[in-house]
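Survey of secondary and tertiary structure
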Amino acid sequence: MLIRNGVLVGAEGQQRLDLRTRAEKIVEIAEGLTPEPGEEVVDASGLLVLPGFIDTHVHFRDPGGTHKEDFLSGTQAALAGGVTTILDMPNTQPAVTGREQLNAKAALAAAKAVVDYGLYLGATPENVEEAAGLANEVAAMKLYMGSSTGSLLVTEFAPLYRHFSTFSHDKPLVVHAEDEQSLQYFGALARPQSSATNTNHNLARPPLSAQIALSRALAIAEKTGRRLHIAHTTTQRELELIQEAKQKGVRVTCEVTPLHLFLTEEDQQQKGNLGKVNPPLRSREDQQALWRLFDSIDTIGTDHAPHTLEEKRQPYAQAPSGIPGVQTMLPLLLNAASQGRITLQAVIERCVTNPARIFGLSTKGALEIGKDADIVLIDPEKEYEITNEQMLSKCGWTPFAGTHIKGMIEQVYVRGALGYVRGTCIARAGSGKSVVYTQSC
Ligand code: DOR
Ligand code: ZN
């Protein structure tokens, strides 16, 4: 296939170039390529040609929660959002904590996924050795220092330290850094006001909880010399601590979600449980700090965490935390780029280049010869409004309904095969493949 006349966008810049794919790979990039006999030609005049996005943080609920998402619906939503690779979190039912659950989930993904995928392993106080033995087969290990959706949790020092020391030091250990004891304390304080559906979740799980857990994780990573990736960093203080640790040589990287870039605790107050997520939507000051300190953010991951409207309509205390987002990340970031808040290059660095590097996805990560032909065509001038009806997630809602977007995803290719065209997924269930891991750095 030959994609002609488009503007290729990478982490380094933009250039008008043609791109040829063959047998799932990018094989040629140059000016003015001529079609070969019988070759399919895509005219990308007026369009941007982006590498497929890599979302290293999704919760697809398969197995155990398939009424709200499964590998088919979740990866279709990803594809429609220009995300051609996902890494799925382990807090399913059962949680992925060992060989048996890993194999079972891999079979589900292989049968249903329409984008490429990798799987996380979840840390428990008991699975230190088994987890370490599976390191080569997973994208990373996820460790919850504070409780959230599901049962995964490690709070005691001994298993925490042992996971940090034992799990392959060169694979990311991805930490949900909220401190359990302080969550319990502040959660209890917030409870008396929570008879109504609306409580300020940011008071129940305050920035201090994040700061305490992060400090603990950084200290242990420094001591053990291991790699650490901080999931959903939400506050100025956390970014400062991470910067300081990086300067000292700690092998730490961090993620921010579009939720925390685009929404604040005021939105949570207004949307109620639809804005309830762990860690919570923060103050406007913290939100603005994420933009101000954007250079220090390594990856943007969605934390796509679908729950049904019915589940969200329960009282605050019972309503599950989590917000969908895999389909809206690229549109929101394209829009921010169109407003001049950020460059597309900076977006690609955080949504493609750095995720591939950090998670060792060496066949992904750039529009380059030899890489998988994961390609997104964008019309930068087209404008539209996000609606719940466009969402392909089974949960069927988005907190961004009504948001005006400039920049539309026209076509998405996974390893050279057209999977999505203007609103319609045409990819076959099971066409997604497990990613290949090489040494990450
Ligand atoms: O709000 C959240 N929802 N935070 C998490 O850590 C998990 C996620 C989920 O799985 O629903
Ligand atoms: Zn998550």
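In case you missed it, the structure is sitting above this.
Residues numbered from 1 in each chain as written. Chains lettered and ligands numbered in written order. Predicted model: local features only at pLDDT ≥ 70, side-chain atom pairs only at ≥ 80, totals over all residues. Heavy atoms only, no water.

Quick notes on the side chain of Lys276
Position of Lys276 among the secondary structure elements: in the loop between helix 10 (265-271) and helix 11 (284-292). The side chain of Lys276 sits in the buried core without any salt bridge; Glu178 is the nearest counter-charge, 11 Å away. For Lys276, the side chain forms a polar contact with the main-chain oxygen of Ala319, separated by 2.6 Å. (Helix = DSSP H or I, 4+ residues; strand = E, 2+ residues; numbered from the N terminus. Buried < 20%, exposed > 50% of the residue type's maximum accessible area, 1.4 Å probe, protein only. Lys, Arg positive; Asp, Glu negative; His and termini not counted. Salt bridge = Lys/Arg side-chain N within 4 Å of Asp/Glu carboxyl O. Polar contact = N/O pair within 3.5 Å; in protein donor to acceptor, adjacent residues only side chain to side chain.)

Some words on the packing of helix 4 (residues 157-166) against helix 7 (residues 207-224)
One can describe the packing of helix 4 onto helix 7 by two numbers: an axis separation of 10 Å at closest approach and a directional angle of 45°. Our classification of the angle between helix 4 and helix 7 gives oblique. In this structure, helix 4 crosses over helix 7, and the sense of that crossing is right-handed. Contact with helix 4, carried on its side by Phe157, Leu160, Tyr161, Phe164 and Ser165, involves Arg216, Ala217, Ile220, Ala221, Lys223 and Thr224 of helix 7 and no other residues of that element. Residues that form the contact of helix 4 with helix 7 fall into these classes: 7 nonpolar, 2 polar and 2 charged. (Axes fitted to C-alpha atoms, helices over the stretch in contact; angles between N-to-C directions. Parallel < 35°, antiparallel > 145°, perpendicular 65-115°, else oblique. Left-handed = near helix turned anticlockwise from the far one by under 90°. Contact = heavy atoms within 4.5 Å. Nonpolar A, V, L, I, M, F, W, Y, C, P; charged D, E, K, R; others polar.)

Quick word on the sheet that holds strand 1 (residues 2-4)
Reading across the sheet, the 4 strands line up as 5-4-1-6 and stay open at both edges, with mixed pairing between neighbours. If you trace the sheet from one side to the other, it starts and ends with strand 5 (25-30) and strand 6 (41-43), each paired once. Neighbour to neighbour, the strand axes of the sheet diverge by 20° on average, direction disregarded. Looking at chain direction, strand 1 and strand 4 (residues 18-22) are connected through 2 bridges and run antiparallel. Within the sheet, the bridge partner assigned to Ile3 lies in strand 4 and is Leu19. (Pairing = 2+ DSSP bridges.)

Remarks on the site of ligand 1
Near ligand 1 you find 13 residues, and of these Arg61, Asn91, Ser148, Thr149 and Asn278 are the closest. His59 places a polar side-chain atom, nitrogen or oxygen, 3.2 Å from an oxygen atom of ligand 1. Within the contact set of ligand 1, an oxygen atom lies 2.9 Å away from a side-chain nitrogen or oxygen of Thr149. Taking 290 Å² as the accessible area of ligand 1 by itself, protein coverage stands at 100%. (Near = heavy atom within 4 Å. Areas by Shrake-Rupley, 256 points an atom, 1.4 Å probe, with all protein chains shown as cover.)

Side note on the pairing of strand 18 (residues 417-421)
Two elements, strand 17 (residues 404-414) and strand 18, share 4 bridges in a ladder whose sense is antiparallel. From the neighbouring strand, Gln411 faces strand 18, where its bridge partner is Val421. Here strand 17 hands over to strand 18 after 2 residues, with Arg415 in that stretch at a positive phi of 45°. Here strand 18 pairs with strand 19 (residues 424-425) via 2 bridges, running antiparallel. Bridge assignment links Tyr420 to a residue of strand 19, and that residue is Cys425. Joining the antiparallel neighbours strand 18 and strand 19 is a turn of 2 residues, in which Arg422 adopts a positive phi near 30°.

Everything listed is a geometric property; what it means functionally is a separate question.
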